[in-house]
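Residues per chain are reported as follows:
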Amino acid sequence: MPEVPEVGDVGDAGIVLLDRFETAHGVCAIVELTDERVAAALARLPAAEQALALGLPPARRRELVAGRAALHVTLGELAPEFKDFPILADDRGAPVLPAGWFGSISHKGARAAALIAPAGDARVGVDLERAAPSRQDIARWILTAREQETLEDRGRGATLRFSIKEAIYKAIDPFVRRYVAFTEVELVVTDGVAHVTSELPLAIETTWREHGGFWLATARAQLR
Ligand SMILES: CC(C)(COP(=O)(O)OP(=O)(O)OC[C@H]1O[C@@H](n2cnc3c(N)ncnc32)[C@H](O)[C@@H]1OP(=O)(O)O)[C@@H](O)C(=O)NCCC(=O)NCCS
C-alpha cells in the first residue's frame, strides 16, 4: 500500500502528491499520475481495486488508479488502520470508504482530487475541471436563465459553475439516487463559495478555489 508521501514527492506508489489541504468539507488531496507510472501505482493498490482497474480501458484505468491513489493518500493519513482497505464502487458509481468515512473523487487528465470527511448525516463531493473556457458554449446547457443573465464571463465562469454543480451532484446523489439536471440547482457565486438554491429536500453548501490552473469545487449536502 502507498505510504503517505510529502507534498511534491513521488510516493512509493508512483504518484506525485501535488497538494493536500483542509476544506470546509473535508481533507482534499490532489495527485498527478503520468502514463508511465500507472503500472507502478496500480501494483500498490489493494487487489480488489486492481481487479476493478484492470477491467477498464487504459485512459479510464489511469483515472481510476489516480483517484484511488489520492483517496488512499488521505485515508492513510487520517485513518492508517484502513491503509489496505479496498475502495470499491457502489451501485451508483460512488466510492465506498471504510466505516466512519465518506469520500469523493474527480479526475481530469493526469490529475485527480479526492475529498475525505468523517461519516455523518452529510455527504461530500469534489470536482476538478480546467479553469479555462470549454470548447463549446456550455452555459446554455448547464445554467438556469437567471444564472445566464448574471454571468459576466461565459467562458471560465461557465466551467466554474459546471465544476461546482458536478461536486454538488456527487454529494446529493446518495440521497436522491437519480440523475439531477444541471438546471435543478441554481448558484450565486461569490468569493470562494456558491450559494445554492433548489427544490431538493437538501441543504447544500459549496466551496471553490482555483488550484494550479484547475477549478477545485467541494460540496456538502444533508437532508433539510
Ligand atoms: C457522475 C458524474 C458527476 C461524474 O463527473 P465527471 O466530471 O464525468 O467525472 P469526474 O472525474 O469528476 O468524477 C468521476 C468520479 O465520480 C464518482 N462518481 C461516479 N458516480 C457517482 C455518483 N453517482 N455519486 C457520487 N460519485 C460518483 C466516481 O468516484 C468517479 O470516479 P471513479 O469511477 O474513478 O471512482 C457525471 O458524469 C454525472 O453523471 N453528472 C450527473 C449530472 C450532474 O452533474 N448534475 C449536476 C446538477 S446537481
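A quick note: this is a predicted structure, and the numbers were derived from the prediction, not measured.

Quick look at the domain arrangement of the chain now. When cut into domains, the chain gives domain 1 (16–120) and domain 2 (127–223). For domain 1 and domain 2, the distance between their C-alpha centres works out to 22 Å. At the interface, 19 residues of domain 1 touch 21 residues of domain 2. The three residues of domain 1 that bury the most area against domain 2 are H25, R92 and K108, which together make up 42% of that side's buried surface. Across the contact surface, domain 1 and domain 2 share three salt bridges. Close ionic contact of K108 with E129 constitutes a salt bridge, the shortest N to O distance being 3.4 Å. Put simply, domain 1 and domain 2 have 10 residue pairs in polar contact (both at pLDDT 80 or more) between them.

This part covers the environment of F82. If you trace the backbone, F82 turns up in the loop between α3 (58–78) and β3 (88–89). Relative accessible area serves as the criterion here: at 22%, F82 is assigned to the partly exposed category. Along the primary structure F82 and A99 are separated by 17 residues, whereas in three dimensions their C-alpha atoms are 9.5 Å apart. The contact partners of F82, leaving out residues within four places of it in the chain, are L75, P98, A99 and W101.

One ladder, built from six bridges, connects strand β8 (residues 185–190) with strand β9 (residues 193–198); its direction is antiparallel. Residue pairing across strands places V188 opposite H195, the latter belonging to β9. In this structure, the hairpin formed by β8 and β9 is closed by a connection of two residues, where G192 is found at a positive phi of approximately 80°.

Quick notes on the rules
Residues numbered from 1 in each chain as written. Predicted model: local features only at pLDDT ≥ 70, side-chain atom pairs only at ≥ 80, totals over all residues. Heavy atoms only, no water. Domains from an automatic or database assignment. Contact = heavy atoms within 4.5 Å. Buried area = accessible area lost by both parts, 1.4 Å probe. Salt bridge = Lys/Arg side-chain N within 4 Å of Asp/Glu carboxyl O. Polar contact = N/O pair within 3.5 Å; in protein donor to acceptor, adjacent residues only side chain to side chain. Helix = DSSP H or I, 4+ residues; strand = E, 2+ residues; numbered from the N terminus. Buried < 20%, exposed > 50% of the residue type's maximum accessible area, 1.4 Å probe, protein only. Pairing = 2+ DSSP bridges.

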